[in-house]
Amino acid sequence: MSEKLTAREHWDKAFDYWWEGNVQRAIEEGRLAMELDPSLAGPHWVVGHAYLRMDPPDRESALREFRELVRKDPRWVEGHAALANTLLQQGRRAEALKSLREVLRLKPDNAWARREFSKHLLERGEYREAVAVLLGKPNPPRFCCAADAHLLRAELLWNWSHEEARAEWQHILTLDETIPVNRVAQVEARKRLKETEQR
């Protein structure tokens, strides 16, 4: 019992050092916590993020920590998110998408994962799955189109980046206007661009 308490104290210290920006001490304290209680998953999150704060970031070491974190605690959403984000930073999209799927399986309303996953789905032309992801549902509506996905993504992006949201609405304006569903989406996109031009 006392070892687990001591391990927890080291974990707390690791987090404090990481928060202060002292990455070396954060890693040292995190490692002590893991040695005292190998079942703890939390120190891997702190140590992984400490590696990412190094100059330059040590992404491979961070990935090892995040992989160990999700192995020890597969239900920790933030562990899967940290793994996915680090993989995306390395351009390892296929692996990152698996982790993003896991984030969304555990927490379908995770806005960051919905934003990232929908981006990659739209780049691959998988607009129906993108619509489902953006709605936080397992399946897309029976009738939906690419323009719907871009409209939903723009609204989600508005909370993160007005510039990216506006880019989505502007993209809708480039779609083939001879297709009726695109015309409907273009009316909405023009309306949203006008409403937001002052912001």
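The following refers to the structure shown. (Residues numbered from 1 in each chain as written. Predicted model: local features only at pLDDT ≥ 70, side-chain atom pairs only at ≥ 80, totals over all residues. Heavy atoms only, no water.)

### Some words on the pattern of salt bridges
Link 1 in the chain: Tallying each qualifying case throughout the model produces 17 salt bridges.
Link 2 in the chain: Of the charged contacts, one joins Glu-68 and Arg-71 as a salt bridge, the two residues approaching to 2.5 Å between their closest N and O atoms. One end of the pair, Glu-68, and the other, Arg-71, are both in helix H4 (residues 59-72), three residues apart, so they sit about a helical turn from each other.
Link 3 in the chain: For Arg-153, the salt bridge goes to Glu-168, with nearest N and O atoms at 3.1 Å. Remark: Glu-168 occurs in helix H10 (residues 162-173) and Arg-153 occurs in helix H9 (residues 146-158); sequence separation between them is 15 residues.
Link 4 in the chain: For Arg-153, a relative accessible area of 5% gives the class buried.
Link 5 in the chain: Three or more residues are tied together by salt bridges with common partners; here these are Glu-60, Arg-67, Arg-92 and Glu-95. (Salt bridge = Lys/Arg side-chain N within 4 Å of Asp/Glu carboxyl O. Helix = DSSP H or I, 4+ residues; strand = E, 2+ residues; numbered from the N terminus. Buried < 20%, exposed > 50% of the residue type's maximum accessible area, 1.4 Å probe, protein only.)

### Some details on the nonpolar core
Link 1 in the chain: Ranked by size, the top nonpolar core spans 45 residues in total, and within it Val-46, Leu-100, Trp-112 and Phe-117 carry the most contacts.
Link 2 in the chain: Looking at this core element by element, the count peaks at seven residues for helix H5 (residues 77-89).
Link 3 in the chain: Counting residues in each nonpolar core, the second largest holds twelve residues, with Leu-151, Leu-157, Ile-172 and Ala-189 among its members. (Core = buried A, V, L, I, M, F, W, Y, C linked by side-chain atoms within 4.5 Å.)

### Focus on the packing of H5 against helix H7 (residues 111-123)
Link 1 in the chain: Where H5 contacts H7, the axes come no closer than 11 Å and their chain directions differ by 40°. Comparing the axis directions of H5 and H7 gives the class oblique. The interaxial crossing formed by H5 with H7 has left-handed handedness. Taking contact as the criterion, the partners of Ala-81, Ala-84, Asn-85 and Leu-88 in H5 are, on H7, Trp-112, Glu-116 and His-120.
Link 2 in the chain: In terms of residue class, the contact of H5 with H7 is built from four nonpolar, two polar and one charged. (Axes fitted to C-alpha atoms, helices over the stretch in contact; angles between N-to-C directions. Parallel < 35°, antiparallel > 145°, perpendicular 65-115°, else oblique. Left-handed = near helix turned anticlockwise from the far one by under 90°. Contact = heavy atoms within 4.5 Å. Nonpolar A, V, L, I, M, F, W, Y, C, P; charged D, E, K, R; others polar.)

### A few points about the layout of surface pockets
Link 1 in the chain: Approximately 200 Å³ is the volume attributed to the largest pocket.
Link 2 in the chain: What lines the largest pocket is simply Arg-101, Leu-104, Arg-105, Pro-108, Phe-117, Glu-129, Ala-132, Val-133, Gly-136, Lys-137 and Pro-138.
Link 3 in the chain: For the lining of the largest pocket, the secondary structure elements donating two or more residues are helix H6 (93-106) and helix H8 (127-135). (1 Å grid on protein atoms, 1.4 Å probe; cavity = no way out; pocket = protein on both sides within 12 Å on 5 of 7 lines; lining within 4 Å. Points joined across faces, edges and corners; volume = space filled by probe spheres on them.)

### Thoughts on the packing of aromatic side chains
Link 1 in the chain: Under the criterion given, the structure shown has six aromatic pairs.
Link 2 in the chain: Measuring from ring centre to ring centre gives 6.0 Å for Trp-18 and Trp-19, while their planes differ by 55°; the resulting arrangement is tilted.
Link 3 in the chain: Exposure remark for Trp-18: the relative accessible area of 12% places this residue in the buried category.
Link 4 in the chain: Pairing Trp-158 with Trp-169 gives two aromatic rings, centres 5.8 Å apart and planes at 40°, and the pair type is tilted. Here Trp-169 lies in helix H10 and Trp-158 lies in helix H9, a separation of eleven residues in the sequence.
Link 5 in the chain: The buried category is assigned to Trp-169, whose relative accessible area is 0%.
Link 6 in the chain: Aromatic rings pair up to connect Phe-15, Trp-18, Trp-19 and Trp-45 into one cluster.
Link 7 in the chain: Sitting over the ring of Trp-11, Arg-8 keeps its end group 4.1 Å from the ring centre.
Link 8 in the chain: Taking the ring centre of Trp-18 as reference, the NZ or CZ of Arg-53 above it sits at 5.0 Å. (Phe/Tyr/Trp six-rings, centres within 6.5 Å; stacked < 30°, edge-to-face > 60°. Lys NZ or Arg CZ within 6 Å of the ring centre and 35° of its normal.)

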